[in-house]
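Reading the structure
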Amino acid sequence: MNRRSIPSHGLCLLLALVLLPLHAARASDAAPPSLIPLPAQLALQHGGFTVDESTPVVLADRDASTRQTANYLIDLLARTRGLRLRIGAADDAAPAIVLQRDPQAPVAEAEGYALGVTPQGIRIQARDAAGLLNGAVTLYQLLTPDAKRGAVEVPALSIRDWPRFAWRGLMLDSTRHFQSVSEVETLLDQMAQHKFNTLHWHLTDDQGWRIEIKRYPELTRTGAWRTPPGAGHDGIPKRYGGFYSQDDIRRVVAYAAARHITIVPEIDMPGHAQAAVAAYPQLGVTGRRPAVSIDWGVNPYLYNVDDATFGFIENVLDEVMALFPSTYIHVGGDEAVKDQWQASPAVQAKMRELGIKSEDALQGWFIGRIGRYLDAHGRKLVGWDEILEGDNVPADATVMSWRGTDGAIKAAMMGHDVVMSPSPSLYFDHVQGELADEYAGRLGVESLRSVHGFQAVPGVLGAAQARHVLGVQANVWTEHMPTFAHVEHAVFPRLDALSDVAWSSSAGSDWPGFLARLPAQLARYRAQHVPYADSAFAVDIALDRNLALATGRATVTLSNQADFGAIHYTLDGSAPTPASPRYGTPFNVTLPATVRAASFAGDGSMLAAPRQRMLDRASLLTLAGNTLPNCPGSDFRLRVQPLPDAASVAPVYSINVFDGCQLFPATSLDGLKSIRVEAVRIERNYALAHEQRLVVSRPHATPFGELVVHLDQCNGPVLASLPLPDPARSARKVELSAALPAQQGEHALCLVYTAPIDGPLYGLGRVSLVPAP
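This text gives an overview of the structure that appears in the document. (Residues numbered from 1 in each chain as written. Predicted model: local features only at pLDDT ≥ 70, side-chain atom pairs only at ≥ 80, totals over all residues. Heavy atoms only, no water.)

1. Some remarks on the packing of helix 4 (residues 181-193) against helix 6 (residues 246-258)
The cut-off we apply is this: For helices, the fitted line uses only the C-alpha atoms of the stretch in contact; every axis is such a line through C-alpha atoms, and the angle between N-to-C directions lies from 0 to 180 degrees. Secondary structure elements follow DSSP: runs of H or I of four or more residues count as helices, runs of E of two or more count as strands, with numbering from the N terminus. Any angle between 65 and 115 degrees counts as roughly perpendicular, while under 35 counts as roughly parallel, over 145 as roughly antiparallel, and the rest as oblique. Crossing handedness follows the turn of the near helix against the far one: under a right angle anticlockwise gives a left-handed crossing, and clockwise gives a right-handed one. Working rule for contacts: check all heavy atoms of both residues, and any pair within 4.5 Å makes them a contact.
As a packed pair, helix 4 and helix 6 sit with axes 10 Å apart at the nearest point and diverge in direction by 15°. Considering their axes alone, helix 4 and helix 6 lie roughly parallel with respect to each other. The interaxial crossing formed by helix 4 with helix 6 has right-handed handedness. Contact residues: helix 4 offers Val181, Val184, Glu185, Leu188 and Asp189, while helix 6 offers Asp248, Arg251, Val252, Tyr255 and Ala256.

2. Considerations on the environment of Gly208
Note the threshold: Partly exposed describes any residue whose relative accessible area lies between the buried limit of under 20% and the exposed limit of over 50%, with all areas from a 1.4 Å probe on protein chains only and scaled to the type maximum.
If you trace the backbone, Gly208 turns up in strand 11 (residues 208-209). Residue classification places Gly208 among the buried positions, given a relative accessible area of 0%. Separated by 34 residues in the primary sequence, Gly208 and Gly242 have C-alpha atoms spaced 8.2 Å apart. Discounting residues that sit within four places of it in the chain, Gly208 has contacts with Thr175, Leu203, Gly223, Ala275 and Val292.

3. A closer look at the state of the cysteines
Operational definition: In this description, a disulfide is simply a cysteine sulfur pair whose atoms lie within 2.5 Å.
Counted under the stated rule, the structure contains two disulfides. Bridging Cys631 to Cys661, the disulfide has an S-S length of 2.0 Å. Between Cys631 and Cys661, the disulfide has an S-S torsion of -80° and is therefore left-handed. One end of the pair, Cys631, is in the loop between strand 28 (622-624) and strand 29 (638-640); the other, Cys661, is in strand 31 (residues 661-668), with 30 residues separating them in the sequence. Using a relative accessible area of 6% as the deciding quantity, one classes Cys631 as buried. The disulfide partner of Cys714 is Cys750, and the gap between their sulfur atoms is 2.1 Å. An S-S torsion of about 95° defines the bridge between Cys714 and Cys750 as right-handed. Taken as a pair, Cys714 in the loop between strand 34 (706-711) and strand 35 (718-723) and Cys750 in strand 37 (residues 746-753) lie far apart in primary sequence, 36 residues in all.

4. Let's talk about the nonpolar core
Most often, soluble globular proteins have nonpolar side chains that are buried together. Worth spelling out the cut-off: Think of a nonpolar core as a cluster: buried Ala, Val, Leu, Ile, Met, Phe, Trp, Tyr and Cys residues, connected wherever their side-chain atoms sit within 4.5 Å.
Counting 153 residues, the largest nonpolar core has Phe366 and Phe537 as its most contacted members. Residue contacts for Phe366: discarding those within four places in its chain leaves Met269, Pro270, Tyr303, Asn304, Val305, Phe310, Ile313 and Trp341. Formed by 47 residues, the second largest nonpolar core is a distinct cluster that contains Ala593, Leu628, Leu736 and Ala755.

5. Section: unusual backbone geometry
Residue Pro592 is bonded to the preceding Leu591 through a cis peptide linkage, with omega at 0°. Along the polypeptide, Pro592 turns up in the loop between strand 25 (587-590) and strand 26 (593-600). Even without a glycine there, the phi angle at His272 is positive, about 50°. With respect to the helices and strands, the residue His272 is situated in the loop between strand 14 (262-269) and helix 7 (274-279). Among the residues examined, His272 registers a relative accessible area of 3% and is labelled buried.

6. So, the side chain of Asp659
Basically, it comes down to this: Under the rule applied, a polar contact is a pair of N or O atoms within 3.5 Å (in protein, one hydrogen donor and one hydrogen acceptor; residues adjacent in sequence only if both atoms are side-chain atoms).
Along the chain, Asp659 falls in the loop between strand 30 (653-655) and strand 31. At a separation of 2.6 Å, a polar atom in the side chain of Asp659 contacts the side chain of Arg698. Those residues within four positions of Asp659 in sequence are excluded, and the remaining contacts are Val696 and Arg698.

7. A closer look at empty space enclosed by the protein
Condition: A cavity here means a set of points on a 1 Å grid, drawn over the protein atoms and nothing else, where a 1.4 Å probe fits but cannot get out; a pocket is an open set with protein on both sides within 12 Å along at least five of seven lines, and a residue lines either one if it has an atom within 4 Å of a point. Grid points are joined across faces, edges and corners, and a volume is the space filled by probe spheres set on the points. Polar here means any residue other than Ala, Val, Leu, Ile, Met, Phe, Trp, Tyr, Cys and Pro, which are nonpolar, and Asp, Glu, Lys and Arg, which are charged; Gly is therefore polar.
Within this structure, the stated rule accounts for eight cavities of 30 Å³ or more. Taken as a whole, the largest cavity holds about 160 Å³ of empty space. Considering the residues around the largest cavity, the lining is formed by 18 residues, among which Gly660, Arg684, Tyr753, Ala755 and Leu761 are closest to the centre. Class assignment for the residues of the lining of the largest cavity results in eleven nonpolar, four polar and three charged. Its boundaries defined by the atoms lining it, the second largest cavity holds a volume of some 120 Å³. Residue lining of the second largest cavity: 15 residues in total, with His480, Val640, Gln641, Leu643 and Pro644 positioned closest to the centre. When its residues are assigned to classes, the lining of the second largest cavity shows ten nonpolar, three polar and two charged.

8. A word on the packing of aromatic side chains
One pair of aromatic rings is described through two measures. These are the centre distance and the angle between the planes. For clarity, the threshold we go by: Side-chain rings of Phe, Tyr and Trp (the six-membered ring for Trp) are treated as a pair once their centres are within 6.5 Å; stacked means planes under 30 degrees apart, edge-to-face means over 60, and tilted covers the remaining angles.
Under the counting rule described, the total for this entry stands at 22 aromatic pairs. Relative to Phe366, the ring of Phe310 has its centre 4.8 Å away and its plane inclined at 45°; by these criteria the two rings are tilted. Of this pair, Phe310 sits in helix 8 (residues 307-323) while Phe366 is found in helix 11 (residues 359-376), placing the two residues 56 residues apart along the sequence. Judged by relative accessible area, Phe310 falls into the buried class, the value being 0%. One aromatic cluster is present, built from ring pairs that chain together Phe178, Trp201, Tyr244 and Phe324.

9. Focus on the sheet that holds strand 28
Selection rule: In this analysis, strands are considered paired if DSSP registers two or more bridges between them.
In spatial order, the strands read 28-38-32-36; together these four strands make up an open sheet with antiparallel pairing. Pairing within the sheet leaves two strands with one partner each, and these edge strands are strand 28 and strand 36 (733-739). Ignoring strand direction, the axes of neighbouring strands in this sheet form an average angle of 20°. Both strand 28 and strand 38 (residues 761-771) contribute to a ladder of three bridges, which runs antiparallel. Within strand 38, the residue paired with Thr622 across the bridge is Ser768.

10. Regarding the pattern of salt bridges
To keep things clear, this is the line we draw: When a carboxyl oxygen of Asp or Glu is within 4 Å of a side-chain nitrogen of Lys or Arg, the pair counts as a salt bridge.
Within this structure, the stated rule accounts for 26 salt bridges. Between Arg403 and Asp385 there is a salt bridge, with its nearest N and O atoms 2.5 Å apart. Of this pair, Arg403 sits in the loop between strand 18 (398-401) and helix 12 (406-413) while Asp385 sits in the loop between strand 17 (380-384) and strand 18, placing them 18 residues apart in sequence. Across the pair Arg403 and Glu389 runs a salt bridge, and its minimum N-O distance is 3.1 Å. A residue pair is termed long-range when its members are at least 10 positions apart, and Arg403 in the loop between strand 18 and helix 12 and Glu389 in the loop between strand 17 and strand 18 qualify at 14 residues. Owing to a relative accessible area of 35%, Glu389 belongs among the partly exposed residues under this scheme. The network of salt bridges with shared partners includes Asp173, Arg176, Asp205 and Glu479.

11. Things to note about helix 12
Considered for burial, the residues of helix 12 that qualify are Gly407, Ala408, Ile409, Ala411 and Ala412. Buried residues along helix 12 sit in contact with strand 18, strand 19 (418-420) and helix 14 (463-466). Of the residues trailing helix 12, Gly415 is marked for its positive phi of about 95°.

In structure tokens form, the structure reads like this:
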């Protein structure tokens, strides 16, 4: 059973029993520990135990995994707190940290553990090795309650803990952008510290084949590399890519296994096959060799359905299964556009031979055949929710629901196990905040709070159906994450929020309590040099622009997304500290002024880097393109970098691949003489499949299009038309300017690019309205 077998009234009683000791402990000046995820049962007691470098770690059994866990804990504490423990001999009279595998340990659930702290020492007991490691992770958190170094006093307590779900997953896409082995290991380290146990590794797609297959060397010789836009110019490499050798894979699998993490490989089929077809054209439908794709989105290349292609896939799976001992093998199954199958006489003949009436049913037959092959080799098929669209999905197939939660509901009602990983809720390629300095990613915002509040079990499922929910998984698609810094920014601290969902009881989901526990975890990130996102705590500095422009005074409001922490600010350009004025209510300033503000936790640690806003006439008349909303009609929006394989995290620009149109908000145009715009050329590397018809094409008067400025609305009077330069002979960022006819009063401006849609996209950098001298 994947969920705790405690009825809802039992959970309420359990929480009451847990909270009573917590309140009693507070009364005696003991604070509840900052643990993420929250344990199932925790009772604080009186007293405590001090751990210092004289405290031995004692192994109470001879199991090799117990020693491995002890060494893991010792290494982690040495690296992050400078507390250097050692493995010592058992001495019943001496205080110690005792680790014990015990088939009679108090917690019977898989991966569970018992942890006790008394004035005489600390003991962790578990029935399995994974549980012992989970207990060690909890102890690590108890020993790092702050950013201090050295010895620490741990409050006396008793913990009984076990996971809510059996599948606590994170998906890493290494195809769109490639991570090194050491970077993957860094991610695995953090997964273990959050009690996640499944890495879903996305290894093949249109943009690259990342796993060495000995029998088919062209998969990595050709399929692992793509030619970036502008290759060989302006510092752009001539090719982008990489792959994991089989030795690399073995190393990563062993590294994960040492942390009790299972790696589930994904070999995508029947779609997302362009890199494989680029290596071996006979695997495709057309027989032609495409290039490895440089385009994000939905590409048209599918695997053929002849016996030779299935022979190839089975041979690949043989090598994959030899490398990955996981029960599950992920076969993708998503976004297989059927145009090539529909146009192929050979495929249509195969459908008639099989008595299959539709291409969707053919995909079901395809997935069913692969599922039977995996079953025959003792493995289970898992795929995205499109695998339900055929009639041949194996009865024991697991469905990963990504198109919202409907796929999970349908699958569970059909008797299939499901993993909840819906878009957009658990798609960590979505941005975390709306401030102008947020990293690249998809919009809308999937905030720390929204992840923490995710409902893992759809309410429409009955108790029997809910038992098919194996767990939850966040997905890290890397189209817009070209570096590992992007990955870490996207994952942390949202993984903390999801760990509460995946591990802790749903009855214990408490947003204010989570926020109170988080500062200690942020300190652990800093100690391990993990560049987490501070979006939830970044201060938004808001005011009425037009009132400030009209009066020379501004009423400033400060806030952060999480509504947590103390906000301190300065007006002299200096960095805010806890000693700076604390924000309570909106305050008035006279222009010009510089407001800098930051959020701080109760212990004085900074929750987010200071944000700054200049308040003068020129600054108030200048807005970043990232702050300008889309024009009405299309809410699709991305934040991207000018080059798809950028080696840095900035600059970032907002675009709508369907319609290059944004709105400058209503502003007093009195006394303004011109507009100045930073126009940024961005690669149009998006495969839109059948949605290509939605791309808006506008007439243009000059060869490369214009940026047209309309008054009030996008069909309003044209105030200016700024020709775009030849993209082959100009810099990526150019400054455009034009005079504006005199206007009175407040008006919005519609900024529309008319560049040909078979050429580059354009984004807006800074847009400035320039007053007359």
